[in-house]
Amino acid sequence: MKPMADPILTLTPEGLYCPRGGFHIDPVRPVPRAAITHGHADHARPGHSAVLATPETLGIMAVRYGEAFCETRQAAPYGARTTVGEVTVSFHPAGHVLGSAQILIESGGQRAVISGDYKRQADPTCAPFELVPCDLFVTEATFGLPVFRHPEAADEVAKLLASLALFPDRPHLVGAYALGKAQRVLAHIRRAGYDRPIYLHGALERLTAHYVAAGQDFGPLLPVKGVDRKELAGAVVLCPPGSLSDRWAQRFGDQVTAFASGWMRVRARARQRGVELPMVISDHADWEDLCTTIVETGAAQVWVTHGQEDALCHWGRTKGIDCRPLHLLGYGDGDDGPEEETAAEGGQESGQEIVSAG
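Residues numbered from 1 in each chain as written. Predicted model: local features only at pLDDT ≥ 70, side-chain atom pairs only at ≥ 80, totals over all residues. Heavy atoms only, no water.

## Re the packing of aromatic side chains
Here the structure, examined in full by the defined rule, presents eight aromatic pairs. Each ring, one from Trp-287 and one from Trp-315, has its centre 6.5 Å from the other, and the planes form 75°; the classification is edge-to-face. Taken together, the positions of Trp-287 in helix H7 (residues 287-297) and Trp-315 in helix H8 (residues 309-318) put the pair 28 residues apart, joining distant regions of the chain. Accessibility expressed as a relative area gives 9% for Trp-287, which makes it buried. (Phe/Tyr/Trp six-rings, centres within 6.5 Å; stacked < 30°, edge-to-face > 60°. Helix = DSSP H or I, 4+ residues; strand = E, 2+ residues; numbered from the N terminus. Buried < 20%, exposed > 50% of the residue type's maximum accessible area, 1.4 Å probe, protein only.)

Shown next, in the form of structure tokens:
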């Protein structure tokens, strides 16, 4: 990236800022103008004056925060070029969740890409990751350690179906984050041929219904609230991860507890949570895909944020790439950022807020 007195990106207390365009990217507090990569709450917050995002992300923000989540909004379909101040902005698929995008900023012959959260594994519930060549690449590093190598999600779901066959009298409670993970797990379960009704915790209902309205087919889904536990023998029940250790789960009796998360690669985390069936399913790039993406962008300069920054920066420097950790605050270190499935997300059956570092 050519050095310039007027940089294309800078850091402010609110987060990444494009001075030539006069907007922040995924700011951590309300700002006059924000470009949002995706709908997870550690990236998409309410209260901005103006928001630029994909139509799907705007829809998700409306579901989570209400239609008045900002004063004005502008939809940016994938690939469309929008002039903002002195820069051109376009959004490109990140493969993370529905509507997730990498943001490309072009100005003065420079190209900067802010990845947001991304993955390169196939996901039937969102557009696949698109490689965007650039001079400056701002990448996440949630799983930026060599130990993290994510298996195929379909193989992890096969473990769940094998457990159902082995324990046909036990309900299987699957912890999955409300946005993206729950819907991805549902899609893979159906692709594996499971056609029985799947039960949902109330906190997952609204966003799952939003995915269905966007064209996803998850087969028969039923709310678990009020269902007699005798009817749930051998059934799959999806819930927020925090519910697995909440009083809410106790009413299911002798259940099998599963948790779909990239962190389930760390067996100690599974044991700490009392998870019987860890499912290593992540919506973030693993170590190999992070390294591959950095190289394939062709970026001479890489900024690393919200995750294992130092390890990835060290690797990049060994490859002759100018890598710098950003140490941004306000972003979650969980598989999908902070777990946020509360009553505002669609109704908790226990009536208590679920809080977990995930």
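## So, the pairing of strand S12 (residues 172-175)
Of the two faces of S12, both are covered, the one formed by His-172 and Val-174 as well as the one formed by Leu-173 and Gly-175. As defined by bridge partners, S12 adjoins strand S15 (residues 236-239) across four bridges and the pair is classed as parallel. What sits directly across from His-172, in S15, is Val-236. (Pairing = 2+ DSSP bridges.)

## Here we look at empty space enclosed by the protein
Under the counting rule described, the total for this entry stands at three cavities of 30 Å³ or more. Reported here for the largest cavity is a volume of approximately 80 Å³. Along the walls of the largest cavity sit 13 residues, with Leu-16, Asp-26, Ile-114, Thr-305 and His-306 positioned nearest its centre. Only strand S11 (136-141) and strand S18 (301-307) provide two or more residues apiece to the lining of the largest cavity. (1 Å grid on protein atoms, 1.4 Å probe; cavity = no way out; pocket = protein on both sides within 12 Å on 5 of 7 lines; lining within 4 Å. Points joined across faces, edges and corners; volume = space filled by probe spheres on them.)

## Digging into the pattern of salt bridges
Charged atoms that come close allow side chains of opposite charge to pair. Under the defined criterion, the tally for this structure stands at 14 salt bridges. Residue Glu-14 pairs with Arg-29 through a salt bridge whose shortest N-O separation is 3.8 Å. Highlighted residues: Glu-14 in the loop between strand S1 (10-12) and strand S2 (15-18) and Arg-29 in the loop between strand S3 (23-25) and strand S4 (33-35), separated in sequence by 15 residues. Salt-bridge contacts for Arg-81 lead to Glu-106; the nearest nitrogen and oxygen are separated by 2.6 Å. Highlighted residues: Arg-81 in strand S7 (residues 81-84) and Glu-106 in strand S9 (residues 101-107), separated in sequence by 25 residues. On the basis of relative accessible area, Arg-81 is assigned to the exposed category, the value being 56%. Connected through salt bridges with shared partners, the residues Lys-119, Asp-123, Arg-184 and Asp-283 form a single ionic network. (Salt bridge = Lys/Arg side-chain N within 4 Å of Asp/Glu carboxyl O.)

## Description of the packing of helix H1 (residues 55-65) against helix H4 (residues 205-213)
Two numbers describe how H1 lies on H4: the axes approach to 10 Å, and their chain directions differ by 150°. If you check the angle between H1 and H4, you find them roughly antiparallel. For the element pair H1 and H4, the recorded crossing hand is right-handed. Each of Glu-56, Gly-59, Ile-60, Val-63 and Arg-64 in H1 lies in contact with H4, whose residues at this interface are Arg-206, Leu-207 and His-210. Class assignment for the residues of the contact of H1 with H4 results in three nonpolar, two polar and three charged. (Axes fitted to C-alpha atoms, helices over the stretch in contact; angles between N-to-C directions. Parallel < 35°, antiparallel > 145°, perpendicular 65-115°, else oblique. Left-handed = near helix turned anticlockwise from the far one by under 90°. Contact = heavy atoms within 4.5 Å. Nonpolar A, V, L, I, M, F, W, Y, C, P; charged D, E, K, R; others polar.)

## What to know about the pairing of S7
Of the two faces of S7, the one holding Thr-82 and Val-84 is buried and the one holding Arg-81 and Thr-83 is not buried anywhere. From the end of S7 to the start of strand S8 (residues 87-93), which pair antiparallel, there are two residues, and Gly-85 there has a positive phi angle of about 60°.

## Thoughts on the sheet that holds strand S6 (residues 72-75)
Taken in spatial order, the six strands line up as S1-S2-S3-S4-S5-S6 in an open sheet, and their pairing is mixed. Each edge of the sheet is formed by a strand with only one pairing partner; in this case those strands are S1 and S6. Here the average twist between neighbouring strands, direction ignored, is 30°. Sheet topology note: the S3/S4 ladder contains two bridges and is parallel. Looking across to S4, one finds that His-24 is bridged to Ala-34.

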